[in-house]
Amino acid sequence: AQSVSQHNHHVILSEAASLELGCNYSYGGTVNLFWYVQYPGQHLQLLLKYFSGDPLVKGIKGFEAEFIKSKFSFNLRKPSVQWSDTAEYFCAVTPMYSGGGADGLTFGKGTHLIIQP
Amino acid sequence: DAGVTQSPTHLIKTRGQQVTLRCSPKSGHDTVSWYQQALGQGPQFIFQYYEEEERQRGNFPDRFSGHQFPNYSSELNVNALLLGDSALYLCASSFRPGVDSPLHFGNGTRLTVT
C-alpha cells in the first residue's frame, strides 16, 4: 500500500517569504500526485495535480510543485507568500493502474501554514 | 450552483449505536467518495460509489457501509460505533470515476462518539 509523508506539521512564515513544503510518498509504481488546501472555515480544494509529462506543475494562486521521481518527492513551492495563504496543506497520492485510475486518494497528515503579516 | 452538501454538520452518538450521514453531490456530478479525517490526520479513503454500486473501498471494516441513490446522493452508515470512529467525515463528488475528474469536497460531518 502507498503512504505519504509530510515533513513539516507546522510552518510559520512572514509575508513575502518563500515557501517550500515537503512531501514524500512510498509506492513502487507510477503514481498520480496532488496538493489540496483547506483555508480556515472552508472545504478542501485542489491546488494542483501531476499525472504525467512536465514534472513542474503550476496550480492556482501562484503555487507550483515539482515531481522528482528518483526522490519520490512532490514538494510544493511559492516564491512569495501572502497572509491569505494561511491554511492547511495536504499532499495526496494514488497509484496509476493500467486500464483506468484507482480513485481513492492517500493523504499525508497535512502541514499547518501560518503567514504572519 | 450548489457545491457538495453534507448533513448533519455535527452529531453526537453513544458507543454501540448506529449512525447515517448524508451527502448531496455537486450539480452535474455522479460519483461520490467518502473520507474519514481524524483529528490531526489527513483524510482516509473509505469508499467510492458510482452507478449505485461501491466501486472501490479503502481499509475500513464492514461496519462502514454506504449507498448511492438514483439521484446520485449518498449515505454513509456506521454500525456498532466505537470511540475511535470520532472524526470528521468528508464527502467528495466528481463527474465519473477516475483521477482526472477533480474531487469537490463538502464541509464534512463532525461525529463524536461518547
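Notes on the structure in this doc start here. (Residues numbered from 1 in each chain as written. Chains lettered and ligands numbered in written order. Predicted model: local features only at pLDDT ≥ 70, side-chain atom pairs only at ≥ 80, totals over all residues. Heavy atoms only, no water.)

**Remarks on the environment of Gln36 of chain B**
Residues and elements named next belong to chain B.
Stage number 1. By secondary structure assignment, the location of Gln36 is in strand E4 (residues 31–37).
Stage number 2. Judged by its relative accessible area of 8%, Gln36 falls in the buried class.
Stage number 3. As for Gln36 and Arg110, which are separated by 74 residues in sequence, their C-alpha atoms are 9.9 Å apart.
Stage number 4. The residues contacting Gln36, other than those within four sequence positions of it, are Gly42, Pro43, Gln44, Ile46, Phe60, Phe64, Gly84, Asp85, Ala87, Leu88 and Tyr89. (Helix = DSSP H or I, 4+ residues; strand = E, 2+ residues; numbered from the N terminus. Buried < 20%, exposed > 50% of the residue type's maximum accessible area, 1.4 Å probe, protein only. Contact = heavy atoms within 4.5 Å.)

**Regarding the pairing of strand E5 (residues 31–38) of chain A**
All names here are of chain A.
Stage number 1. Among the 8 residues in E5, 8 count as buried, and that is most of the element.
Stage number 2. The side-chain alternation of E5 yields two buried faces, one formed by Val31, Leu33, Trp35 and Val37 and the other by Asn32, Phe34, Tyr36 and Gln38.
Stage number 3. As paired elements, E5 and strand E10 (residues 87–95) share 8 bridges and run antiparallel to each other. Counted as the bridge partner of Tyr36 is Phe90 from E10.
Stage number 4. Inspection of the sheet shows E5 paired to strand E6 (residues 45–50) by 5 bridges, in the antiparallel sense. By the bridge assignment, Val37 is partnered in E6 with Gln45. (Pairing = 2+ DSSP bridges.)

**Here we look at the packing of aromatic side chains**
Stage number 1. All chains considered together, the criterion is met by 15 aromatic pairs over all chains.
Stage number 2. Between Tyr36 of chain A and Phe105 of chain B the ring centres are 5.6 Å apart and the planes differ by 85°, which places this aromatic pair in the edge-to-face class. In this pair, Tyr36 of chain A is assigned in strand E5 and Phe105 of chain B in strand E10 (residues 104–105), connecting two distinct chains.
Stage number 3. On the accessibility criterion, Phe105 of chain B (3% relative accessible area) is buried.
Stage number 4. Taken together, the aromatic side chains of Phe34, Tyr36, Phe51, Phe90 and Phe107 of chain A together with Tyr35, Phe45 and Phe105 of chain B make up a single cluster linked through ring pairs. (Phe/Tyr/Trp six-rings, centres within 6.5 Å; stacked < 30°, edge-to-face > 60°.)

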